[in-house]
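Structure at a glance
Spelled out from the first residue to the last, the chains are:
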Amino acid sequence: DLQRSMDFFGAVFDWEIQQVDDAYAMIDTGVMPILSLWQINDAPMPLGVCHYVQSDDCEADAARAVAMGGKIVLERSEVPGSGAWTDTLDPWGNELAFWQAETPGTPQLTGSGTNALSWVELASADYGRAANYYAQMVGWQFEAVEGMDDYGVDTSNIPGLGLVGGERGSRLKGMTDYFTTGDIHTACAAIEAN
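Now for a quick tour of the structure. The shown structure was predicted, so the numbers you read here are calculated from the model rather than taken from an experiment.

What counts and what doesn't
- Residues numbered from 1 in each chain as written.
- Predicted model: local features only at pLDDT ≥ 70, side-chain atom pairs only at ≥ 80, totals over all residues.
- Heavy atoms only, no water.
- Phe/Tyr/Trp six-rings, centres within 6.5 Å; stacked < 30°, edge-to-face > 60°.
- Buried < 20%, exposed > 50% of the residue type's maximum accessible area, 1.4 Å probe, protein only.
- Helix = DSSP H or I, 4+ residues; strand = E, 2+ residues; numbered from the N terminus.
- Salt bridge = Lys/Arg side-chain N within 4 Å of Asp/Glu carboxyl O.

With respect to the packing of aromatic side chains
Under the defined criterion, the tally for this structure stands at 12 aromatic pairs. Taking the centre distance of 6.2 Å and the plane angle of 10° together, the rings of Phe9 and Phe13 count as stacked. Residue Phe9 is classed as partly exposed on the basis of its relative accessible area, which comes to 24%. Judged by relative accessible area, Phe13 falls into the buried class, the value being 15%. Note on Trp92 and Tyr133: the rings are 5.8 Å apart at their centroids and 90° apart in plane angle, and the pair reads as edge-to-face. Separated by 41 residues along the polypeptide, Trp92 in the loop between strand 6 (83-89) and strand 7 (95-101) and Tyr133 in helix 3 (residues 127-138) bring together distant segments of the chain.

In C-alpha cells, the structure reads:
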C-alpha cells in the first residue's frame, strides 16, 4: 500500500517523498543514497528491503551472482529514460539489485539529512563465505571487529556496512537498515503513533 507507506514514513522521518507513479515514490533524505518505496503487486521480488548497487552490466553481474551460489529473482528490467536493473538473492537470501544507469550523474538532494541511512547490515550463517561473496561481487571488504565473533565492518562505503555471521546471522533474514535520529525515544514514539 504505497499511500499508507508514504503516510507512515512521512510522519516518522524528516524525508522528502515524491510519488512518481501509482506504485512508486522516491525519497530524498538529503544524503546519498536515494531511497524509494515500491508497491509490489505481481512482481516476483520478496517484500522487504532491497539495495541497489551501480553496475556497468547488470546482466553480467547477475550471472556472476548465480555462478557464486546466488539466484536471479528478476531478469533485466528497463526503466525508460533511466536505465536497467536485475534483481538477485545471495546464497543466504539477502536481496541485491544491480542498477545500470543510462546516463551517469548524481541527483541534486534537498532533504534535511536529519534521518539519513547510516548503516546497512547483512546476515549470513557462513561469515567467511559471505565476506568472500561480497568482496568478489561488489568489492566490499569486511574487517573483523575485535572481541566480536563473526562480525565485520566495511566503513569505506557510505553508508557503512556490517556483516553478521554465525548463529546470530543464521537467525536474521534479509538486510537491516539503520537511520540517523536526534532522539531515539522521539523516533520510537512517532513509529508507535503512526
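The discussion continues.
Digging into the pattern of salt bridges
Within this structure, the stated rule accounts for 4 salt bridges. The partner of Glu59 in a salt bridge is Arg76, and the shortest N-O contact between them spans 3.5 Å. Taken as a pair, Glu59 in helix 2 (residues 58-67) and Arg76 in strand 5 (residues 71-79) lie far apart in primary sequence, 17 residues in all. The salt bridge partner of Arg171 is Glu167, with a shortest N-O separation of 2.7 Å. Of the two residues, Arg171 and Glu167 are both situated in helix 4 (residues 166-171); the distance of 4 residues between them amounts to about one turn of the helix. As far as burial versus exposure is concerned, Arg171 and Glu167 are alike and both exposed.

Any link to function would need more than the numbers given here.
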